[in-house]
Amino acid sequence: MGIKYLWPILSPFCERKPLYELQYKRVAVDLSCWVCESQNIAEYTVQPRMYLRNLYFRTCYLLLMDVHVVFVLEGRAPELKYKTIAARNAVQFKGAKPKTDRVKVGKDRSRFNHTLKQCEEMLKLMGIACVKGEGEAEALCAYLNEDGLVDGIISQDSDCFAYGARVVYRNFSISQQGNHAAKGGSVDVYDIAKANESLDFGRNKIIALALLCGSDYCDGVHGIGKESVVKLFNVVSEDEILKRLRSWKDRASYYGKLEAKIGDKSLCTLCGHSGRAQGHTKKGCLECGTSQGCDSGKFENERLEIKNELNMRSKALADPSFPDEELVNEFLVKKSNVSELNLEWTKPDLINFVKFTVKYLTWEEIYSFEKFFPILTRWQLLHQDQIKDETQGIVTPKFIKKRRNPKGIASYEVVWEDKNNQFKGLIPEEQLAEFGDVEKLWSTVEPQNLVENAYPVLVEEFEDSKKPKNRKKKKNPVDEIDNLLKNVSITGPSKSKKSKKLHTLDDFVVKASTPKKVVQNCSFCLDQSNFGDENDLDVSDIVDKIIDKKVPPYVPENLGKLGLKLTDEECNIDCSFFVDEMVENDLFEKTFREYCISSGEFDSDENTAVTNK
Ligand SMILES: [Zn+2]
Ligand SMILES: [Zn+2]
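What this report covers is the structure whose coordinates are included nearby.

**Some remarks on the pattern of salt bridges**
- Using the criterion set out here, one finds 21 salt bridges in the structure.
- Linking Asp66 and Arg378 is a salt bridge whose minimum nitrogen-to-oxygen distance equals 3.9 Å. Here Arg378 lies in helix α17 (residues 365-382) and Asp66 lies in the loop between α3 (50-64) and β3 (68-73), a separation of 312 residues in the sequence.
- Between Lys117 and Glu120 there is a salt bridge whose closest N-O contact spans 3.6 Å. Separated by three residues within a single helix, Lys117 and Glu120 lie in helix α5 (residues 106-125), roughly one turn from each other.

**Structural notes on the nonpolar core**
- Ranked by internal contacts, the top residues of the largest apolar core, which has 74 residues, are Leu22, Tyr56 and Phe71.
- Element by element, the count of residues in this core is highest for α3, at 10 residues.
- Inspection of this core shows a minimum of three residues originating in each of domain 1 (6-204 + 583-609) and domain 3 (363-466).
- Ignoring sequence-local partners within four residues, the contact set of Phe71 consists of Val29, Leu31, Trp34, Leu55, Thr59, Leu123, Ile128, Ala129, Cys130 and Val131.
- Membership of the second largest hydrophobic core comes to 67 residues, among which are Ile9, Val131, Leu327 and Leu343.

**Focus: the packing of aromatic side chains**
- Under the criterion given, the structure shown has 22 aromatic pairs.
- Centre to centre, the rings of Trp34 and Phe172 are 5.1 Å apart; their planes meet at 40 degrees, and the pair counts as tilted. Residue Trp34 is located in helix α2 (residues 31-39), and its partner Phe172 is located in strand β6 (residues 167-173); the two are separated by 138 residues in the primary sequence. Summarising the burial analysis for this pair, Trp34 and Phe172 share the class buried.
- Through successive ring pairs, a cluster of aromatic residues spans Tyr56, Phe57, Phe353, Trp363, Tyr367 and Phe372.
- Seen from the ring of Trp7, Arg170 lies directly overhead, with NZ or CZ sitting 4.1 Å from the centre.

**Details of the coordination of the zinc ion (ligand 2)**
- Within the protein, Cys271 (SG), His273 (ND1), Cys285 (SG) and Cys288 (SG) serve as the donor atoms for the zinc ion (ligand 2), at 2.1 to 2.3 Å.
- Viewed at the metal, the four donor atoms of the zinc ion (ligand 2) are separated by angles of 98 to 122 degrees, and the geometry they form is tetrahedral.
- Considered as a linear motif, the donors of the zinc ion (ligand 2) on their single chain read C-x1-H-x11-C-x2-C.
- Taken as a pair, the zinc ion (ligand 2) and the zinc ion (ligand 1) lie 3.9 Å from each other and share Cys271 as a ligand.

**Focus on α17**
- With 18 residues, α17 extends 26 Å from end C-alpha to end C-alpha; this agrees with the ideal 26 Å at 1.5 Å per step.
- Roughly 35 degrees is the biggest bend found in α17, and it falls at Phe372, with proline Pro374 one to four residues downstream.
- Where burial is concerned, most of α17 is hidden: 15 out of the 18 residues are buried.

**Overview of the coordination of the zinc ion (ligand 1)**
- Note on the zinc ion (ligand 1): its protein donors are Cys268 (SG), Cys271 (SG), His280 (ND1) and Cys294 (SG). The metal-donor distances range over 2.0 to 2.4 Å.
- Metal-centred angles of 104 to 117 degrees between the four donor atoms at the zinc ion (ligand 1) mark the site as tetrahedral.
- Written as a sequence motif, the donor residues of the zinc ion (ligand 1) are C-x2-C-x8-H-x13-C.

**Quick look at the sheet that holds strand β10 (residues 443-447)**
- Pairing is antiparallel across the open sheet formed by three strands, whose spatial order is β8-β9-β10. Edge positions in the open sheet fall to β8 (396-404) and β10, since each of these has one partner strand only. For this sheet the average axis-to-axis angle between neighbouring strands, irrespective of direction, equals 35 degrees.
- Those strands touched by α17 are β9 (411-417) and β10, and its axis lies near 40 degrees from that of β10.

**With respect to the side chain of Glu120**
- Looking at Glu120, the relative accessible area reads 13%, which means it is buried.
- Setting aside its immediate chain neighbours within four residues, Glu120 contacts Leu73 and Cys130.

**Digging into the packing of helix α9 (residues 203-213) against helix α11 (residues 241-250)**
- Packing of α9 against α11 leaves a shortest axis separation of 8 Å and a crossing angle of 35 degrees. Here Asn204, Lys205, Ile207, Ala208, Leu211 and Leu212 of α9 lie close against α11, whose contacting residues are Ile241, Leu242, Leu245 and Trp248.
- Taken together, the residues of the contact of α9 with α11 break down into eight nonpolar, one polar and one charged.

**Concerning the sheet that holds strand β2 (residues 26-30)**
- Taken in spatial order, the seven strands make up an open sheet running β1-β7-β6-β5-β2-β3-β4, and their pairing is mixed. Whereas interior strands pair on both sides, the edge strands pair on one side only; in this sheet they are β1 (14-18) and β4 (129-132). Within the sheet, the average angular offset between the axes of one strand and its neighbour, ignoring direction, is 30 degrees.
- Bridge analysis of β1 against strand β7 (residues 186-191) gives five bridges, and the strand direction is antiparallel. Residue pairing for β7: Glu15 is matched across the bridge by Val189.

**Things to note about the packing of helix α10 (residues 226-235) against helix α14 (residues 300-316)**
- Viewed as axis vectors pointing N to C, α10 and α14 meet at an angle of 120 degrees, and their least axial separation amounts to 10 Å. When the axes of α10 and α14 are compared, the pair comes out oblique. Once α10 is placed against α14, the crossing between them reads as left-handed. Listed contacts from α14 to Ser228, Val229, Lys231, Leu232 and Val235 of α10 are Glu305, Asn308, Glu309 and Met312.
- Each residue belonging to the contact of α10 with α14 can be placed in one class, and the counts come to four nonpolar, two polar and three charged.

**Focus on the pairing of β2**
- Among the five residues that make up β2, four are buried, leaving the element largely enclosed by the rest of the structure.
- Taken together, the three bridges between β2 and strand β5 (residues 152-154) define a ladder with parallel strand orientation. Pairing of Ala28 across the sheet is with Ile153, part of β5.

**A look at helix α21 (residues 456-466)**
- Inspection of α21 places Leu458, Val459 and Phe462 among the buried residues, and these make up the whole buried set. Projected down its long axis, α21 shows its buried positions confined to an angular sector of 95 degrees, all on one face. Those residues of α21 that are exposed and aimed more than 90 degrees away from the buried face are Val457, Glu460 and Glu461.
- Taken together, the buried residues of α21 touch β8, β9 and α20 (448-454).

Criteria and thresholds
- Residues numbered from 1 in each chain as written.
- Chains lettered and ligands numbered in written order.
- Predicted model: local features only at pLDDT ≥ 70, side-chain atom pairs only at ≥ 80, totals over all residues.
- Heavy atoms only, no water.
- Salt bridge = Lys/Arg side-chain N within 4 Å of Asp/Glu carboxyl O.
- Helix = DSSP H or I, 4+ residues; strand = E, 2+ residues; numbered from the N terminus.
- Core = buried A, V, L, I, M, F, W, Y, C linked by side-chain atoms within 4.5 Å.
- Buried < 20%, exposed > 50% of the residue type's maximum accessible area, 1.4 Å probe, protein only.
- Domains from an automatic or database assignment.
- Contact = heavy atoms within 4.5 Å.
- Phe/Tyr/Trp six-rings, centres within 6.5 Å; stacked < 30°, edge-to-face > 60°.
- Lys NZ or Arg CZ within 6 Å of the ring centre and 35° of its normal.
- Donors = N, O, S within 2.8 Å, 3.2 Å for Na, K, Ca; no water.
- Tetrahedral: all angles 85-135°; square planar, octahedral: opposite > 155°, others 65-115°.
- Expected span 1.5 Å × (residues − 1).
- Bend = angle between axes of the 7 residues up to and from the residue.
- Pairing = 2+ DSSP bridges.
- Axes fitted to C-alpha atoms, helices over the stretch in contact; angles between N-to-C directions.
- Nonpolar A, V, L, I, M, F, W, Y, C, P; charged D, E, K, R; others polar.
- Parallel < 35°, antiparallel > 145°, perpendicular 65-115°, else oblique.
- Left-handed = near helix turned anticlockwise from the far one by under 90°.
- Arc of directions from axis to C-beta.

Following this line, the structure appears as structure tokens:
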């Protein structure tokens, strides 16, 4: 659950953003968070070990988007947590264990650990760094973030902030959601600096919130709600708050005086001067210098603030150990040294990954190969310096087949080969025979800049071969594309019964354009998915041609005629997002929602499904 009320307090500073927000960033993922989510789906018949499958596709998604990802595993749960859980269970559940608690005990805990071990094994086969600290995963995530080793943390647990996290990405989703402009997934971005700037709300207040309202480690003070805490935070600064809570016990006489002051019946509750509020309202106050009413700004609010604090104080001090310094230390004392951790992405192990997924996910070898191969080639492109003299587990680029433009990213389709026959026999012959197109199996689509960096000679050869040998008379590009359209059969989405054949370029551009948002020379704005099949090669070729040749109808002055508008905004907002087609939907997201709704496990307080913690 994390720290009570923290998400609602931070919600004004949260932004739901498309996942490309994470591109080129370094991100730490709290592994058990993801696994817990998947585990909630008790019986999923399509896929055994859903958690592995989802973990794989989510991680792929991040890798192919050029996110540097690191996984953080649970160390030992702090003693404090066990104590709290045990005490809480004894009281609230009469010894029975609560269903939605993250700290699991006995058999449950060991099964969960076993699950995490499998996840770790798979991530290591992908070459992903898995690090473990002394204590909780959220703590290590936060240290990495605080020390600038990662830009943010993917977690559902608000404890991260108490441990020093700066940016937390919550409700991570790789599925297309609602009518969000961006293709692909989205994430809630919480940036604590924003809350700090406008509310003077930071780590100390977060810890104070845990002390007062409760967290995984403590139940908080009975009877203190969000409203009164927020009121207190409004009058005490971030730097002072912990000192202030400690002063509740230490400065008894000071609070005694305050109590006397607001309880003093001889003082006006509005201005604090001698006299009664009723009297001042009618006849004025001598000290305020008024003949009717008094200066209520002087005392009225202050009195309410004091009352609020005194009220909280007396509730808090009912527990003689308040404030729990052990809890404050748990959050403030760093337990792991992160500078020694190796966070590099190391070489993915194709052979053992295929074996692993055959065993644990019951995938066919060829399916596993298809899904994993782009991870290996992407790693190679990014780590040329490390594989200069190495051949083991590495593939060789054979040639560039063609230019591609997935989601507006200039890319090459590269065909690879297994020069040393290392992967021979990995995929059974009958699967290969059924698959047919072996070249396709060995092809990946990679961003042009990466291919240029890694294999400049290959790119040169390809670009040379594309140069026209002897210039023929220039054809009219519009006619050329109209001809293309005549020869291929492109219709609307297959679902639509009325789909009619598109005969002209105008028809095509109208169909391909995302309403209202058209930017010149942008293949994202010409959206292939409007034709039903995003991977239709005929459509892709025509889009490429239109962009390449800057075909006349597709320039601003002609867009009006087609009923389309050029937007002012820069198009690269959507276009900078690259996702390879191999990434599959996150089955978990759909089923998990259904599961939550059907089981009534919906936390209305935070307006999100309760996760298993
Ligand atoms: Zn008065
Ligand atoms: Zn007065």
